[in-house]
Number of protein chains: 2
Amino acid sequence: MSTPTTFLPDGVNTCEERVAWARDRRDQSLAKVEPKLEGIPSELPQNSQGLAQVVLTPREIEITEKYSVTELLALLKGRKISVEEVTRAFLRRAALAQAATNCLTELLWDQAIARAKELDSLPEPKGMLFGLPISTKEHHGMVGPNVTTHASFVAWIGKPHGSNLLYDTLWEQGCVFYARTTQPQWIMQLETDSVVYGRTVHPSNNKLSPGGSSGGEGAMLGMRASILGVGGDIGGSIRCPAAHVGVYGFKPTLKRISVMGARAMMVGKETLVSTPGPMSVERDALELFMQAAVSTKPWLIDPSLTPLPWTPHQFSKPLKVAVMWWDGVVQPHPPMTRALKEVADACRKAGMEVVDWDAVPLDHAKGWEIITGLFFPDGGEEAIKRAEEVGEPILPLTRLVVHDQPNMKHLTQHELWDLCRRRDEYRVEYARAWREATAADGREIDVILCPPNFGAATPHNQSRYWGYTSHWNVLDWPGAVFPVTHVSIEKDPIDTSYVPKNEEDKFVYEMYKPEVFVDMPVSLQVVARRNEDEKVLAALKLIEQAMGRP
Amino acid sequence: MSTPTTFLPDGVNTCEERVAWARDRRDQSLAKVEPKLEGIPSELPQNSQGLAQVVLTPREIEITEKYSVTELLALLKGRKISVEEVTRAFLRRAALAQAATNCLTELLWDQAIARAKELDSLPEPKGMLFGLPISTKEHHGMVGPNVTTHASFVAWIGKPHGSNLLYDTLWEQGCVFYARTTQPQWIMQLETDSVVYGRTVHPSNNKLSPGGSSGGEGAMLGMRASILGVGGDIGGSIRCPAAHVGVYGFKPTLKRISVMGARAMMVGKETLVSTPGPMSVERDALELFMQAAVSTKPWLIDPSLTPLPWTPHQFSKPLKVAVMWWDGVVQPHPPMTRALKEVADACRKAGMEVVDWDAVPLDHAKGWEIITGLFFPDGGEEAIKRAEEVGEPILPLTRLVVHDQPNMKHLTQHELWDLCRRRDEYRVEYARAWREATAADGREIDVILCPPNFGAATPHNQSRYWGYTSHWNVLDWPGAVFPVTHVSIEKDPIDTSYVPKNEEDKFVYEMYKPEVFVDMPVSLQVVARRNEDEKVLAALKLIEQAMGRP
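Computed from a predicted structure; not experimentally measured. (Residues numbered from 1 in each chain as written. Chains lettered and ligands numbered in written order. Predicted model: local features only at pLDDT ≥ 70, side-chain atom pairs only at ≥ 80, totals over all residues. Heavy atoms only, no water.)

**What about the overall build of chain A?**
- The secondary structure content of chain A amounts to 19 helices and 13 strands.
- By the compact-globule yardstick of 24 Å for 550 residues, chain A fits well, its C-alpha radius of gyration being 22 Å.
- Structurally, chain A occupies a C-alpha span of about 65 × 55 × 50 Å along its principal axes.
- Counting all 550 residues of chain A, 63% fall into the buried class.
- Intrachain contacts of chain A at a sequence separation of at least 6 include 81% that bridge at least 24 residues. (Helix = DSSP H or I, 4+ residues; strand = E, 2+ residues; numbered from the N terminus. Rg over C-alpha atoms; globule rule 2.2 N^0.38 Å. Buried < 20%, exposed > 50% of the residue type's maximum accessible area, 1.4 Å probe, protein only. Contact = heavy atoms within 4.5 Å.)

Printed below as a string of structure tokens:
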């Protein structure tokens, strides 16, 4: 039996018809929830974090809130709890998250429960992720039959699309896929707004964004409707939403994890690509995810991968941390700077060496100029054509990336090669700066500690500057984000003496008002050189231990 | 003091003037040779291999012929012989090779002797390559001041150009650079003919080609004017000349060795790139070279490199060798098939498992179609413009690659992405075939044994089909060539029953006449999957041992 070219029924053609079909499909998947969700107020509160107490059972709350990934896996593997019970709890909480934040494209009710029953029926638990519910970003695809994946292109709504190498690996390791999550139009915003589903909002404040592009994941994790999810990152799309909702997120070096099988535009473009990576409520789950992802030697199937087994890093000396207080382009908001100070102090107190990372001479603006040229080296032609085919309107933040960036244009091949040459030279320069910083005092820096964004979760449509995350995509350096504190009206007043250095800096400066951001999670980022992925996660652990965490 | 933009004097502008300047510069470098070469006949013999006995001293012959790389290094490090004496011997033999084969762009007489004296003056020998003369392909560049590098572009003659990361590393390891070698026009032929210097010929038969593009290296090694040289390979340019002159050559996986600093066209193009690699009279010197090249962790300087230390491979079982008798496109000449049989028999006798690698269902023609599109995705525009600037004529074999390939055209970005997508899918297909071949009998193949070319060294201008080497560039699989036998009129008659399968096959079939190729070295190739570089060299050793070699 051959696969159809579309799942759309006859008569579904226009943008509106396609969107209605997609939303209906999502709604039908949610209608499966049993027992139905009850107690959701008709007018949602600004902060949805209290809803679980009203809507879910105490047992569901226990399952979804009490355990870390590691703890839940131990219970599952020890058969102390059934996969089905865990799965049902996360399914219902995911449906609640959808109601509160608009974070789902599809709830995999039947599929997840069937999978859970299958795992429960095994004589022995097997796999590193046995029974663990994992939420996933829609455009990656999904295991199983009758999968449709649109990557937030209206033109691709209803298009059949199968699994991908990463999900096959996680599946082999025994996980349960139960929810597919939203991403913005063309997956190219640091927020999550699409023509297909509209806007995904922050679970703690619906006037703010959970970030993007893995913003559906962000909202799910922020509401603990997921404890381990898969995002993807080409300019910050894992780290930004993880930071905004106050969970952990990790963007590995490219080619550690395969993108083989995912649905994407501009397939074959090599100048800059995205990588999947984990988002989790638990730090150690980032490493578990990476171990699982490379456990099957995926490079034997996808030969573009780097054949590096996951090898946990051990430091032989106290950590040397370089703090990047700002990137020389846009000054972070006061809570970010406070968080940096707090963590730097904790590191110093724990006996680490803490130095400054001076980004100014390294010209991060050049990195931003390069990457904004590399995102759409065809000036967005392919994406725009696909939108025009079905009359999909271009949303404001998409327009910003595709149309309003002066460096985003349709390049000739020679112009593009020249831009890649500049990118490569920039990478070499940055590597040199690292080595020279080492030479100054004879001891190598281990990691850079920096903000993952200019501020905490932003009001909608304000995420214009990506430099704090995208810089590490230009360099292809791995980066992990972790929660540090929350925005405080008392501790984080406006710095009234600050004079913005440029237009973007002014925009960001004027955005900050403590009362807008109050109580939002404030996260930081740890980065190291290309392929030092294990080092990033090992350093993150030491830094958190310095902060008094386990 | 700033570097000038050109070393060309006023009045040197036209193609002819530039070429004359380059040849004069080469000749001046050769004029330094002391004592002068005497005894070279005014009319060169067809086979130059007897000239050394006439022209060189017994001591020079001993130094250049008696020792392997390993043995010579032991003598040098043991201070049993001075670096200067070794250097002078190779310098004079290189000058002889130039007289016989036209293989040099520059003899580094003064620089090499100064370097030798410096090394001799050290209290202790240091470096993995202490005192070893290494010959180098011109376009890579060179250490030292006043270096000019043209990469066989007339327009670049006289252009200042410095060193490169690989040569800096070899230099750190104590080598002596003494000769820079020829490459064909635009470095894109499997022979070596350029407007700048004309044709490089085979040292054993000047009616044949030493191959290309590292054909100057081939000629040098074939005459033992070098025992370790550096070539570069994007479609066979290391393996073809090494095979044609009967020495060892190794094309590593991309990104094991840096190309940073080399002079090249289309900088920033990522679709397909070249890699430097070793050519040597000694098998074990290939591994020594690789160890030296990665010894300094060059990935900390060139972050595009894969951070894999060189880790010699150990087999735990007898080797499993898959023999590819032909590629399904062009039938190899009879001596190549005989060599395959001989080596396969030897492997079997040594207890290895020998199976067939059936290339026909793997459609190597598709690989050839993809790579010929990727060589010049701008249809050669950049190169042609650079030639037209100075009136450089396009030579027949260059024309073949740039103009006469149906797949070589100026692609749009979207067409190029699509071609890269096809390339990636082809790589995945090939990897799948490997895994499935494994599954058939439950044991994994270790390496493929195959011809490195359709035949031995070809008559000039006949190297049209590159598939036997370029296929492994499409896949980015490492490959090593090694000498097996020589063409024999008795053993290698024409297969008169063969019916060519296509036009290219017919061209190649009709080329073969035993008397044209007689006594030419016949080499084979060992390949393994991407990044299995160490495995290739370990398997080569076992295969040679099976052949009764040390």
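More follows now that the structure is in view.
**So, the side chain of B:Thr337**
- By secondary structure assignment, the location of B:Thr337 is in helix α11 (residues 334–349).
- Ignoring any residue separated from it by four or fewer positions in sequence, one finds B:Thr337 in contact with B:Trp325, B:Gln331 and B:Pro332.

**With respect to the packing of helix α10 (residues 283–294) of chain A against helix α19 (residues 533–546) of chain A**
Residue and element names in this part refer to chain A.
- Two elements in contact, α10 and α19, have axes separated by 10 Å at closest approach and are oriented at 165°. The orientation of α10 relative to α19 falls into the category roughly antiparallel. The chirality of how α10 crosses α19 is left-handed. Listed contacts from α19 to Arg283, Leu286 and Glu287 of α10 are Leu537, Leu540, Lys541 and Glu544.
- For the contact of α10 with α19, a count of residues per class yields 3 nonpolar, no polar and 4 charged. (Axes fitted to C-alpha atoms, helices over the stretch in contact; angles between N-to-C directions. Parallel < 35°, antiparallel > 145°, perpendicular 65-115°, else oblique. Left-handed = near helix turned anticlockwise from the far one by under 90°. Nonpolar A, V, L, I, M, F, W, Y, C, P; charged D, E, K, R; others polar.)

**What to know about the interface of chain B and chain A**
- Across the boundary between the two partners, chain B contributes 37 residues, which contact 36 residues of chain A.
- Where chain B packs against chain A, one counts 2 salt bridges.
- The partner of A:Arg423 in a salt bridge is B:Glu270, with the nearest N and O atoms 2.9 Å apart.
- Put simply, the parts of the chain that give the side of chain B that touches chain A at least two residues each are α13 (381–389) and α15 (413–441) of chain B.
- In terms of residue count, the dominant contributor to the side of chain B that touches chain A is α15(B) (12 residues).
- A breakdown of the residues in the side of chain B that touches chain A according to their chemical character gives 16 nonpolar, 9 polar and 12 charged. (Salt bridge = Lys/Arg side-chain N within 4 Å of Asp/Glu carboxyl O.)

**Some words on the relation of the copies chain B and chain A**
- With an RMSD of 0.0 Å, chain B superimposes on chain A once it is rotated by 180° and translated 0.0 Å along the axis. Expressed as an axis order, the relation between the two copies is that of a two-fold axis. Residue B:Gln413, judged by its C-alpha, is the member of chain B lying nearest the rotation axis, at 3.2 Å.
- A shared binding surface is used by both copies, with 97% of the interface residues of chain B retained as interface residues in chain A. (Least-squares fit on C-alpha atoms with pLDDT ≥ 70 in both.)

**Points about unusual backbone geometry**
All names here are of chain A.
- Here the residue pair Gly212 and Ser213 is connected by a cis peptide bond, since its omega of 5° sits within 30 degrees of zero.
- In this fold, Ser213 is placed in the loop between β5 (198–199) and α8 (215–222).
- Unlike most non-glycine residues, Lys255 shows phi in positive territory, near 75°.
- Relative to the elements of secondary structure, Lys255 occurs in the loop between β7 (248–251) and β8 (275–280).
- Despite not being glycine, Asp476 shows a phi value in the positive range, around 60°.
- In this structure, Asp476 sits in the loop between α16 (467–475) and β12 (479–486).

**Considering the packing of aromatic side chains**
- A full pass over the atoms with the stated rule returns 36 aromatic pairs over all chains.
- Between A:Phe153 and A:Trp156, the ring centres sit 4.9 Å apart and the planes meet at 65°, which makes this aromatic pair edge-to-face. The same class applies to A:Phe153 and to A:Trp156, which are both buried.
- Ring geometry for B:Tyr512 against B:Phe517: centres 5.6 Å apart, planes inclined by 25°, an arrangement best described as stacked.
- Through pairs of rings, three or more aromatic residues link up here, namely A:Trp357, A:Tyr426, A:Tyr430, A:Trp434, A:Trp472 and A:Trp477.
- One residue, A:Arg263, lies across the ring of A:Trp156, its end atom 5.0 Å from the ring centre.
- Over the ring of B:Trp171 we find B:Arg115; its NZ or CZ atom is 3.5 Å from the centre of that ring. (Phe/Tyr/Trp six-rings, centres within 6.5 Å; stacked < 30°, edge-to-face > 60°. Lys NZ or Arg CZ within 6 Å of the ring centre and 35° of its normal.)

**Some words on the pattern of salt bridges**
Residues and elements named next belong to chain B.
- As enumerated under the stated definition, the model contains 80 salt bridges over all chains in all.
- Asp446 serves as the salt-bridge partner of Arg443, at 3.8 Å between the closest nitrogen and oxygen. In this pair, the class of Arg443 matches that of Asp446, namely buried.
- Salt-bridge contacts for Lys506 lead to Glu510; the nearest nitrogen and oxygen are separated by 3.5 Å. Here Glu510 and Lys506 lie together in helix α17 (residues 503–511), a separation of 4 residues that amounts to about one turn.

**Side note on the domain arrangement of chain A**
All names here are of chain A.
- In terms of domains, chain A is made up of domain 1 (15–40 + 50–300) and domain 2 (320–546).
- One C-alpha centre belongs to domain 1, the other to domain 2; they are set 25 Å apart.
- Between domain 1 and domain 2, the residue contacts involve 55 residues of the former and 64 residues of the latter.
- Between domain 1 and domain 2 we count 3 salt bridges in total.
- Put simply, Arg283 and Glu544 hold a salt bridge, and the shortest N to O gap is 2.8 Å.
- Looking at the side of domain 1 that touches domain 2, the elements with two or more residues in it are α1 (15–31), β4 (193–194), α9 (239–245), β7 and α10.
- In terms of residue count, α9 provides more of the side of domain 1 that touches domain 2 than any other element does, 6 residues in total.
- Residue composition of the side of domain 1 that touches domain 2, grouped by class: 25 nonpolar, 17 polar and 13 charged. (Domains from an automatic or database assignment.)

**Thoughts on the UniProt feature "active site" (unreviewed entry) in chain A**
All names here are of chain A.
- Within the UniProt annotation, "active site" (unreviewed entry) is assigned to Lys137, Ser213 and Ser237. Taken along the chain, the residues just named run across 101 residues; in space they keep tight, none of their C-alpha pairs more than 10.8 Å apart.
- Ignoring sequence-local partners within four residues, the contact set of Ser213 consists of Lys137, Thr182, Gln183, Pro184, Ile187, Gln189, Leu190, Glu191, Thr192, Gly232 and Ser237.
- Its location among the elements puts Ser237 in the loop between β6 (228–233) and α9.
- Judged by relative accessible area, Ser237 falls into the buried class, the value being 4%.
- For Ser237, the residues in contact, after removing those within four places along its chain, are Lys137, Gln189, Leu190, Gly212, Ser213, Ser214 and Gly232. (UniProt positions renumbered as here; feature names shortened; annotations may be inferred.)

**Concerning the packing of helix α7 (residues 165–172) of chain A against α10(A)**
All names here are of chain A.
- Between α7 and α10, whose axes approach to 8 Å, the crossing angle comes to 100°. One way to sum up the angle between α7 and α10 is to call them roughly perpendicular. Across the interface between the two elements, Leu166, Thr169 and Leu170 from α7 touch Phe289, Ala292 and Ala293 from α10.
- Here the contact of α7 with α10 is composed, by residue class, of 5 nonpolar, 1 polar and no charged.

**Examining the sheet that holds strand β9 (residues 320–323) of chain B**
Residue and element names in this part refer to chain B.
- Reading across the sheet, the 11 strands line up as β1-β3-β2-β6-β8-β7-β12-β13-β11-β9-β10 and stay open at both edges, with mixed pairing between neighbours. Lying at the two open borders of the sheet, with one neighbouring strand each, are β1 (104–107) and β10 (353–356). This sheet shows a mean twist of 25° between the axes of neighbouring strands, independent of strand direction.
- Pairing analysis gives 2 bridges linking strand β2 (residues 133–137) to strand β6 (residues 228–233), with the strands arranged parallel. Each bridged residue has a counterpart across the sheet, and for Ser135 the counterpart in β6 is Gly229. (Pairing = 2+ DSSP bridges.)

**As for the UniProt feature "binding site: substrate" (unreviewed entry) in chain A**
Residue and element names in this part refer to chain A.
- As annotated in UniProt, the feature "binding site: substrate" (unreviewed entry) corresponds to Ile187, Ser213, Ile234, Gly235, Gly236 and Ser237 in the numbering used here. Across 51 residues in sequence, these annotated residues keep their C-alpha atoms within 11.2 Å of one another, forming a single compact spot.
- The exposure class assigned to Ile187 is buried, which follows from its relative accessible area of 14%.
- Residues contacting Ile187, with those up to four places away along its chain left out, are Lys137, His139, Ala151 and Ser213.
- One polar contact links Ser237 to Ser213, side chain to side chain, over a distance of 2.7 Å. (Polar contact = N/O pair within 3.5 Å; in protein donor to acceptor, adjacent residues only side chain to side chain.)

**Brief notes about the sheet that holds β7(A)**
Residues and elements named next belong to chain A.
- Spatially, 11 strands are ordered β1-β3-β2-β6-β8-β7-β12-β13-β11-β9-β10 in an open sheet, and the strand pairing comes out mixed. Two strands lie at the open edges of the sheet, namely β1 (104–107) and β10 (353–356), each paired on one side alone. Within the sheet, the average angular offset between the axes of one strand and its neighbour, ignoring direction, is 25°.
- Pairing analysis gives 7 bridges linking β12 to strand β13 (residues 521–527), with the strands arranged antiparallel. Counted as the bridge partner of Val481 is Gln525 from β13.
- Together, β1, β2 (133–137) and β3 (176–181) form the strand contacts of helix α5 (residues 83–101), whose direction differs from that of β3 by roughly 5°.

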